[in-house]
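Breakdown of the fold
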Amino acid sequence: MHVALTGATGFLGLCLLRRLLATHRSVTVLAHAGSGNALHRITRFFELTGSPEAFVDRLPGRLRVVETDLALPRLGLSARTFQRLADGLAEIWHSAGSINLEGDLPKLRRTNVEGTRRVLELAAAGRGAPAIRHVSTAFVAGGRRTGVAYEDELDAPDGFENAYEQSKYEAELLVHDWSREHGRPALVLRPGILVTDRPPHPELPSHPLQVVERILRDALGAAGSGDRLRVRTVGHPHGRLNLLQVEHAADVMVRLAGLTPSGGVDTYHVVHDRDVPVPTVVQLLERLVPLSIDLVSAKPDDPSALEALLDFYPGMTAYLAHRRRFDDTRLRTRLGPSAASAPVSLDYLWSGLAPRGGALPLSPGVPPAPFPSARYA
């Protein structure tokens, strides 16, 4: 069974590729045209993450890279090449997309919505009726900050926290429309916020918390102060975020793809069964950058210059007020106890952000006691 993967050089895509190569002799990588040497970046990932030399040496023979453009009809390919590609596939994984929380909706639609449309067209064109595995996000649940988001839900009565959420919601609607129109099954996978304990490296893709760190450092640099500053941001002291190890997420996704489909759209929340408290995330941020963060219930009427700068990034700060839970009953029913993940602790998160060997520093006023391996609300 031949499989194709979009987004193979991304944070999740590389872990999916590793898992797919464990069960497939070869994988077709649908790489973005003009984005650079995809095979080289993939090879460097496996080298840097400890894959055996023999495995790395065989990659050129196991990977077929096809340069495509998800914004164009037929992925930017000729009609003949597009049809030949479609006919040779039994399974298409769509993991590519923009995760820019501050992006504008038209640009995000071009990538996340129209890109999904083009992948679905590829699946529809294949004579072998290739299966669709669409990577979405648990945050299609939108702006509802409390309660429970269920796997079968796909509505957003409270709107969205940002344009990214809306674009992924609209992409899921396309998958449902495609499934009904063609009478074919589809698999929708909704991960939480994916993290890792791999130390940062310039040749590895960034993950969401690294992006948050850069935003905070840029804001501090623009504020022009080298001292530790205190900022107020909207958040809830009992808030929680669903953070899941990216490697575990990829493993669960591939295992779900091996299950017998229902015939329609099967949707799974690929999430951690224990959320991380917002105060733990705040502690992490305070160790990354010289900030002291106060959670407040409403935006300050007298924002400081730094608070005003951070207000330009509502897509990031909005999640500090979330207290909702993502239900994963269907996932746990299908996979059982093996779906559970190891705890995501403060030490784990720090390992994925600090240079290798970096010790976990203390925030002002925090005693030098060991941090618990996990603290959950």
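First things first, this report covers the structure right here in the doc. (Residues numbered from 1 in each chain as written. Predicted model: local features only at pLDDT ≥ 70, side-chain atom pairs only at ≥ 80, totals over all residues. Heavy atoms only, no water.)

**What about the pairing of strand β4 (residues 91-94)?**
- On β4, burial covers both faces: E91 and W93 on one face and I92 and H94 on the other are all buried.
- Pairing of strand β1 (residues 3-6) with β4 involves 4 bridges; the strand directions are parallel. Paired with A4 across the two strands is I92, which belongs to β4.
- One ladder, built from 4 bridges, connects β4 with strand β5 (residues 131-135); its direction is parallel. Of the residues in β5, the one forming a bridge with H94 is H134. (Buried < 20%, exposed > 50% of the residue type's maximum accessible area, 1.4 Å probe, protein only. Helix = DSSP H or I, 4+ residues; strand = E, 2+ residues; numbered from the N terminus. Pairing = 2+ DSSP bridges.)

**Digging into the packing of helix α7 (residues 208-223) against helix α9 (residues 278-288)**
- In the contact formed by α7 and α9, the axes pass within 10 Å of each other and the chain directions differ by 55 degrees. Comparing the axis directions of α7 and α9 gives the class oblique. Crossing of α7 against α9: the hand is right-handed. Across the interface between the two elements, L209, V212, E213, L216 and R217 of α7 pack against L284, L285 and L288 of α9. (Axes fitted to C-alpha atoms, helices over the stretch in contact; angles between N-to-C directions. Parallel < 35°, antiparallel > 145°, perpendicular 65-115°, else oblique. Left-handed = near helix turned anticlockwise from the far one by under 90°. Contact = heavy atoms within 4.5 Å.)

**Notes on the nonpolar core**
- L16, L17, F46 and W93 are the most contacted members of the largest nonpolar core, which totals 42 residues.
- Setting aside anything within four residues of it in sequence, one finds L16 in contact with L5, W93, S95, V135, A250, M253 and V254.
- Residues A138, V231, V281 and L291 belong to the second largest nonpolar core, which totals 37 residues. (Core = buried A, V, L, I, M, F, W, Y, C linked by side-chain atoms within 4.5 Å.)

**So, the pattern of salt bridges**
- Tallied over the entire structure, the rule returns 23 salt bridges.
- The closest approach of N and O atoms between R44 and E203, which form a salt bridge, is 2.9 Å. Taken together, the residues R44 in helix α2 (residues 38-48) and E203 in the loop between β8 (193-195) and α7 connect sequence positions 159 residues apart.
- A salt bridge links D327 to R325; the shortest N-O distance between them is 3.9 Å.
- Because the salt bridges share partners, they merge into one network encompassing R19, D251 and R255. (Salt bridge = Lys/Arg side-chain N within 4 Å of Asp/Glu carboxyl O.)

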